[in-house]
Amino acid sequence: MQAWQVHSNGEPGEVMRLAETEPPEPGRGQVRVAVSAANVNFPDALLCRGQYQIRPPLPFTPGVEICGRTEDGRRVIGTVALPHGGFADYALADEATLLPAPASLDDAQAAALHIGYQTGWFALHRRAHLQAGETLLVHAAAGGVGSAAVQLGKAAGATVVGVVGGPAKAETARALGCDLVLDRHADDIVAAVKDVTGGRGADVVYDPVGGDAYTKSAKCVAFEGRIVVIGFTSGEIPAPALSHALVKNYSILGLHWGLYAAKDPAAIARCHERLTTLADQGRIAPLVSERVALADAADAVQRVADGTTTGRVVVVPEGAE
């Protein structure tokens, strides 16, 4: 089979190499999955760089999120069992973590439903308790993680303000359903959020960016608002001023979705049932901006790492879809 391998850490476009290998052999509790589609996630770039919280042994195959078929014919989605990731004809996954792929989504869409939408659901509903009628501020609203949060926010009845970088991404965010779109390069985000909320500020902030995005969020979060920290795609990890949170009376919440697999796996299954229902109703649908061949996976991961893509870029092995 063909598989992308990383033999040393560095930028994805430099260290990912396409190779002919033997299909991986499942270990105890694992299954081999024929990959129909593998969604590109920012953690794939971090894995290549050696900066992710999990560091698989070298060489490894990136591609943490897949849709595919098991050897007994089930169409499934899930995260992979590294080092045998999804940018290959076959991947390994822990049987217990696999979920049925929604019939209403094609393989590329289904591959993109899992991590980003589960993260959004747990962040907005379990951590921030987003309510209908509240204002949700989403940073990187045109990206893979942000676009999921936008759709989930609208499905929950929130007013959604999306922050993007540039006119092209602004157009994407509007198409996703944002009620207001702000360009971080051109707009005064703090003033605009306060203006659209009548001076109150955003009730919930969804921040996968960190750095300056977090700083501005703290300036425009509402009384008893909630800032959910998702990640740091900017590369800058902010140091929150706790005195500011105290005097302004807002909450700073962390969301590490992967912990639920160990701490409360049943919650992941319940979330998937809800996401499947929303997908079947047409209320959410992963924004797949590109479907690329397996041969182009390294370039796709690099572009996601560089922040030049919108929505989801999905790798589709030859003959899969």
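Preceding block: the structure.
Since the structure is predicted, the reported quantities are computational estimates derived from the model, not experimental observations.

Undergrad: With reference to specific residues and values, describe helix H2 (residues 42-49).
TA: Residues that lie three or four places apart on an α-helix share one face, since the helix turns once every 3.6 residues. Taken across its 8 residues, H2 has 6 buried, putting it largely inside the fold. By the burial criterion, the buried members of H2 are Phe42, Asp44, Ala45, Leu46, Leu47 and Cys48. Buried-residue contacts for H2 involve strand S1 (2-6), helix H1 (12-15), strand S2 (16-20), strand S3 (30-39) and helix H12 (297-306). Glycine 50 occupies a position one or two residues after H2 and carries a positive phi of about 75 degrees.

Undergrad: How would you sum up helix H4 (residues 115-127)? Please name residues and give values.
TA: Where burial is concerned, most of H4 is hidden: 10 out of the 13 residues are buried. Residues of H4 that are buried: Ile115, Gly116, Tyr117, Gln118, Thr119, Gly120, Trp121, Phe122, Ala123 and Leu124.

Undergrad: Talk me through unusual backbone geometry; I want residue IDs and the actual numbers.
TA: With an omega of -10 degrees, the peptide bond between leucine 58 and proline 59 qualifies as cis. Along the chain, proline 59 turns up in the loop between H2 and strand S4 (65-70). Residue proline 83 is bonded to the preceding leucine 82 through a cis peptide linkage, with omega at 20 degrees. Secondary-structure assignment places proline 83 in the loop between strand S5 (75-79) and strand S6 (90-94). Within the chain, glutamate 224 stands out as a residue other than glycine whose phi angle is a positive 60 degrees. Within the fold, glutamate 224 resides in strand S12 (residues 221-229). One non-glycine residue with positive phi stands out, namely asparagine 249, at about 65 degrees. The topology assignment puts asparagine 249 in the loop between helix H9 (242-248) and strand S13 (251-254). For asparagine 249, a relative accessible area of 36% corresponds to the partly exposed category.

Undergrad: Summarise the nonpolar core; cite the residues concerned and give the values.
TA: The nonpolar side chains of a soluble globular protein tend to be buried with one another. In this structure, Met16, Phe87 and Leu136 are the most contacted members of the largest nonpolar core, which totals 84 residues. By size, the runner-up hydrophobic cluster in this structure holds 17 residues, among which are Leu137, Leu182, Cys220 and Ile227.

The rules behind each value
- Residues numbered from 1 in each chain as written.
- Predicted model: local features only at pLDDT ≥ 70, side-chain atom pairs only at ≥ 80, totals over all residues.
- Heavy atoms only, no water.
- Buried < 20%, exposed > 50% of the residue type's maximum accessible area, 1.4 Å probe, protein only.
- Helix = DSSP H or I, 4+ residues; strand = E, 2+ residues; numbered from the N terminus.
- Contact = heavy atoms within 4.5 Å.
- Core = buried A, V, L, I, M, F, W, Y, C linked by side-chain atoms within 4.5 Å.

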